[in-house]
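The lines below spell out each chain.
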Amino acid sequence: PSMAEVPVLRLPHGTQRRYVRRKLQWSSVRMAALGSIAMVAAATWCFVFPSQKQEASMTRSGRRAQAVLEDVDTGQAGDGSQGSGSLPRFQAREVGSAEQLMLSRMPEGHMITTHASLALLEGVADEARLEKALHWAIIRHPMLRAAALEPSVRAKDTGPFFHGGQDGRWMWTPTNLTKEEIVERALTIEDVSGDFDAKCKEYFEQSLDRSSFNFNEGPLWKLHLLRQSGFRGPAGGRSAFLFSFVHSTDDQKSANIFLHDLLSHMEEEGDLKDPEPAELPASLEEVFLKDDLDAQKLAEYALSQAKAGAVPFMKIPSALRSAERTVRKNFALNPNQPVAQERPQTVPTEPASGDAKLLMSEALSPKSDFWSSRRKNLVSFRSLPEEQVSMLRQKCRENNVTMSMAIATAALLAASDIANDDLDFAYEAYRLLMGVDMRRFAPQGDWTKDTMAYASGALDFSLRLLPKSGAAFAAEGANESLRTRIGGVPFWDLARASAHAVRLWIEKGYAAESTRLFDIGVRLLRMDTIIRETANDPSTIGRAYSVTVSNAGLYGLGPKDGRYGQLRLQKIYFGISAAISGSLVSASCLTVNGDLLVTAVSAAPLVNRSHLETFSDSMIGSLTIAAMQKKPLSRKGTPLVENPLDPRGGLPWYYLLETPKGTLQCPEYEELKSYSMPAFDVDKYVGVWYELAFHDITQCNGCGCTQFNMTRHGNVIEDMFTVTCPWPWTKGVDGPWLPGYNVNGNRRMNMWTCNMTMYYKPQNPGVMLETGFGQEFDNMVLEIWSDPEITAQTGYEYTRSIQFQCLGSERDGITFTGINFLSRVPIVEPSMMQEMFVRARALGLEPYGSNDMHIVEHAGCRYPQSTDKSWMGDRPEWPFPVVAGDFGAQL
């Protein structure tokens with residue numbers, strides 16, 4: 001007999017097998033027959049496992065053929081003829097709605113959502129022991145011996161996306177396979193030479209990309225054992241268990257239980273006694289929807305979801321958007337600040353065709369790599385060492401949040417690092433989907449009884465962050481002088497806001513309502529078809545959230561040191577497919593042997609591998625800084641916990657009083673002043689300034705073209721404020737705004753003015769006492785820039801600044817805050833605007849209103865040639881329209 005390498009094959013009959021290349025001893029006759037089949041199957045081989053064109057040495061014991069089944073849906077039922085003895089049978093039941101969605105497949109046959117879990121071990125796993133343990137687990141866990149039968153009834157004449165409950169339901173049924181046949185189909189064993197970690201990562205991505213399963217026969221899971229001999233570990237060598245699951249059958253807690261069952265029974269000697277078979281666990285809907293429908297609560301939850309979805313949030317990277325923004329109409333009609341979503345996308349598109357035309361006018365081009373079936377999953381693995389994990393856990397206790405909230409915050413910061421480019425500025429909404437273990441919320445407790453089940457749910461909320469907040473947090477961690485003692489990226493404020501959102505979800509009973517709303521959707525709509533079509537929507541590219549976070553907590557099974565006989569569990573990484581649909585990026589976390597392990601998943605080409613690695617590094621970096629931060633924020637009072645969720649506290653943009661500030665008190669100048677600000681020179685500060693952004697209830701969002709002209713007379717500074725209301729656009733586009741235009745085409749009666757007076761304090765440079773609107777308050781200059789390009793253009797040395805005003809008392813709290821971003825030129829580069837927002841946060845202004853700023857428009861503006869009384873006429877101390885010069889049209 002001769003040695004040979006056997007290629008991957010698909011045999012055209014009901015028990016097709018995937019033959020993995022391994023060293024075998026074959027007779028020449030068998031080798032010739034197999035070679036002819038290999039020639040016929042060559043094209044299919046490339047499709048099934050394209051990466052296996054590379055050479056890999058694989059071994060298996062010689063007591064049986066080296067074939068390992070790859071299940072392909074053939075529609076034929078297994079006859080169980082290859083095994084010895086039948087398996088215990090469970091009571092078939094209807095597939096739950098959440099489970100049914102996870103059965104969705106692409107037209108090519110592979111899963112839209114696959115759950116992959118990778119366990120890395122010291123020592124070389126023994127094949128016979130593993131098979132023995134698998135036989136035990138298959139008897140114990142019904143989902144390991146389940147099949148999914150597709151309904152034979154499909155509604156007619158209801159359209160492609162709606163069935164109104166007329167479609168039949170999927171069913172979980174016991175497989176007809178024996179435990180030996182299940183193992184034969186599910187298990188692949190490969191001995192790896194070369195880079196073991198790289199091979200594990202490669203197979204992990206392949207598992208997420210194109211896993212296919214035989215629904216009719218089962219099994220609905222696979223296990224790829226990778227081994228490498230060597231001197232690492234007490235038993236020598238390494239092993240990896242790579243599980244691929246139809247996500248309807250499990251969640252990560254289930255995968256951990258399955259892994260523990262295998263490892264603990266592999267170390268037992270002799271034959272294993274068959275376990276007591278568990279019952280097939282009930283679906284989420286059976287558990288949570290026993291109570292009668294509460295229409296009001298369901299409507300409340302549905303409206304909250306609709307409201308959250310209506311707010312523009314980061315779905316796709318700004319790198320896929322145009323540099324130009326769409327034209328914004330008058331701010332009286334659109335009071336929101338500019339967001340990245342206003343920049344048109346640049347992905348290749350074509351007119352939508354077929355059923356997709358009912359959902360969108362344009363679709364992604366099938367010829368581009370953005371097309372759903374051509375996108376690929378990317379993964380990145382990281383770990384936070386046990387020492388930092390312990391410190392982080394203590395910080396969480398001090399801030400009254402869980403580890404999951406800290407992880408969610410770090411993931412949000414990291415997402416902001418890769419979602420935005422340098423053309424974005426100001427706060428963006430980032431919508432987070434958080435995985436939830438529904439066992440904790442079940443009315444009767446954990447119904448799964450430690451057997452494999454789909455017991456996952458999710459909740460979502462949005463936080464408002466500045467672009468590249470993770471990078472800013474890292475910079476502040478490396479150099480704490482970049483922030484004041486009350487400023488900086490508010491990591492723990494964000495964590496507490498996340499905890500607040502989760503607490504509200506729990507208190508309102510949304511565990512049941514989210515399940516109910518989803519159930520209604522699946523029972524009325526063909527959700528799988530909708531997902532497949534919207535995956536090619538160019539406005540979302542299949543993205544429904546900014547980031548997904550799943551923290552499975554502690555592994556918590558087996559020995560503390562991970563020792564299972566000759567094997568030792570080192571790490572577990574897990575993730576969910578994201579190529580077709582999901583979030584821009586996801587982070588799945590699990591603590592094993594004290595280390596926090598993070599698996600980041602995204603889809604190429606939305607995110608490239610370098611950006612995904614940046615996300616992973618940023619996330620671990622933020623957790624490390626949060627754990628070791630020695631200079632916590634030290635404010636007078638605390639802001640509202642929900643401030644990062646909604647800085648306006650639920651109040652509309654036209655609310656005429658200051659938004660809620662919690663128990664915060666007005667800060668002192670020295671608490672806010674930038675460490676890097678030059679010595680203040682009032683003569684360099686006076687002159688003409690243009691307002692770029694403001695937080696100020698005395699200013700109207702419908703105005704623009706705001707200019708300050710500061711003139712010094714001794715210690716008195718006249719601050720002439722002029723503004724155009726409403727902000728002008730092109731004639732005939734968004735008007736007319738009476739009384740219209742003069743003969744030169746200039747607007748009348750839309751210029752307003754207010755003469756503010758400031759008193760310079762030589763003993764307190766940078767602070768000026770300001771009077772206006774019947775109030776006196778300190779106007780504090782917190783930061784000054786000297787930009788050479790603006791200096792060359794205007795002659796001013798001070799070119800940009802941040803001003804802050806605050807009124808309040810210990811009894812009443814804060815009653816007014818004002819924040820002004822000023823520049824010597826009316827329009828600046830986006831990077832300069834972003835720099836000012838980042839600086840305001842570093843100085844500590846975020847809870848005082850810098851996360852609720854209004855961007856002032858200056859495009860197409862006309863400014864008064866002079867603000868002197870001889871030119872403008874009387875200038876009142878209260879806002880008043882300009883009547884001189886043909887009602888301002890000639891000024």
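Conventions we followed
Residues numbered from 1 in each chain as written. Predicted model: local features only at pLDDT ≥ 70, side-chain atom pairs only at ≥ 80, totals over all residues. Heavy atoms only, no water. pLDDT = per-residue confidence, 0-100. Contact = heavy atoms within 4.5 Å. Helix = DSSP H or I, 4+ residues; strand = E, 2+ residues; numbered from the N terminus. Polar contact = N/O pair within 3.5 Å; in protein donor to acceptor, adjacent residues only side chain to side chain. Salt bridge = Lys/Arg side-chain N within 4 Å of Asp/Glu carboxyl O. Buried < 20%, exposed > 50% of the residue type's maximum accessible area, 1.4 Å probe, protein only. Core = buried A, V, L, I, M, F, W, Y, C linked by side-chain atoms within 4.5 Å. Axes fitted to C-alpha atoms, helices over the stretch in contact; angles between N-to-C directions. Parallel < 35°, antiparallel > 145°, perpendicular 65-115°, else oblique. Left-handed = near helix turned anticlockwise from the far one by under 90°. Nonpolar A, V, L, I, M, F, W, Y, C, P; charged D, E, K, R; others polar. Pairing = 2+ DSSP bridges. Expected span 1.5 Å × (residues − 1). Arc of directions from axis to C-beta.

So, on to the confidence of the model for the protein. Low-pLDDT portions of the prediction should not be read for the details of their coordinates. When pLDDT is averaged along the protein, the result is 85, and 83% of the positions lie at 70 or above. Low pLDDT (under 50) marks residues 1-84, which in the prediction has 181 contacts with non-local residues, meaning those over four places away or in another chain. Every residue in residues 733-738 is under pLDDT 50, and counting partners more than four places away or in other chains gives eight contacts.

Turning our eyes to something else, we now look at the environment of Gln 252. Topologically, Gln 252 is positioned in helix 7 (residues 252-266). Between the C-alpha atoms of Gln 252 and Ala 116, which are 136 residues apart in sequence, the distance is 9.0 Å. Among the polar contacts made by the side chain of Gln 252, one reaches the side chain of His 115 at a distance of 2.8 Å.

With that settled, the discussion passes to the pattern of salt bridges. With the rule as written, the count across this model stands at 41 salt bridges. Put simply, Arg 343 and Asp 424 hold a salt bridge, and the shortest N to O gap is 2.8 Å. Here the residue Arg 343 occupies a position in the loop between helix 9 (295-310) and strand 12 (349-351), and Asp 424 occupies one in the loop between helix 11 (403-419) and strand 15 (428-437), the gap between them amounting to 81 residues. For Asp 424, a relative accessible area of 1% translates into the label buried.

A few words now on the nonpolar core. Phe 288, Leu 392, Phe 491, Trp 492, Val 547, Phe 615 and Met 619 are the most contacted members of the largest nonpolar core, which totals 81 residues. Leaving out residues up to four positions away in the same chain, Val 547 has contacts with Ala 411, Leu 412, Ala 415, Arg 431, Leu 432, Leu 433, Ser 583, Val 585 and Phe 615. With 72 residues, the next largest nonpolar core counts Met 143, Phe 213, Tyr 564 and Leu 569 among its residues.

Closest axis-to-axis distance for the helix 12 (residues 469-478)/helix 16 (residues 609-628) pair is 9 Å, and the angle between their directions is 40°. The orientation of helix 12 with respect to helix 16, classified from their angle, is oblique. Judged by the twist between their axes, the crossing of helix 12 over helix 16 is left-handed. On helix 16, the residues touching Gly 470, Phe 473, Ala 474 and Gly 477 of helix 12 are Ser 618, Ser 622, Ile 625 and Ala 626. Taken together, the residues that form the contact of helix 12 with helix 16 break down as four nonpolar, four polar and no charged.

Quick look at the sheet that holds strand 17 (residues 543-554) now. Pairing in this open sheet of six strands is mixed, and the strands run 14-21-20-17-15-16 from one edge to the other. Taken across any chain shown, the strands that pair with only one partner, and hence form the sheet edges, are strand 14 (376-384) and strand 16 (456-465). Strand-to-strand, the axes of this sheet are offset by a mean angle of 20°, without reference to chain direction. Pairing of strand 17 with strand 20 (residues 582-592) involves eight bridges; the strand directions are parallel. When the sheet's bridge partners are listed, Asn 551 is paired in strand 20 with Cys 589. Helix-sheet contacts for helix 10 (residues 386-398) involve strand 14, strand 17 and strand 21 (595-604), and the interaxial angle to strand 14 is about 80°.

Look at helix 10: 19 Å from first C-alpha to last across 13 residues, which is about the 18 Å you get at 1.5 Å a residue. Within helix 10 the residues assigned to the buried category are Gln 388, Val 389, Leu 392, Lys 395 and Cys 396. Take helix 10 and look down its axis: the buried residues cluster within an arc of 120°, on one side only. For helix 10, the exposed residues set more than 90 degrees away from the buried face come down to Glu 387, Arg 397 and Glu 398. A positive phi of about 60° marks Asn 400, the residue just after helix 10.

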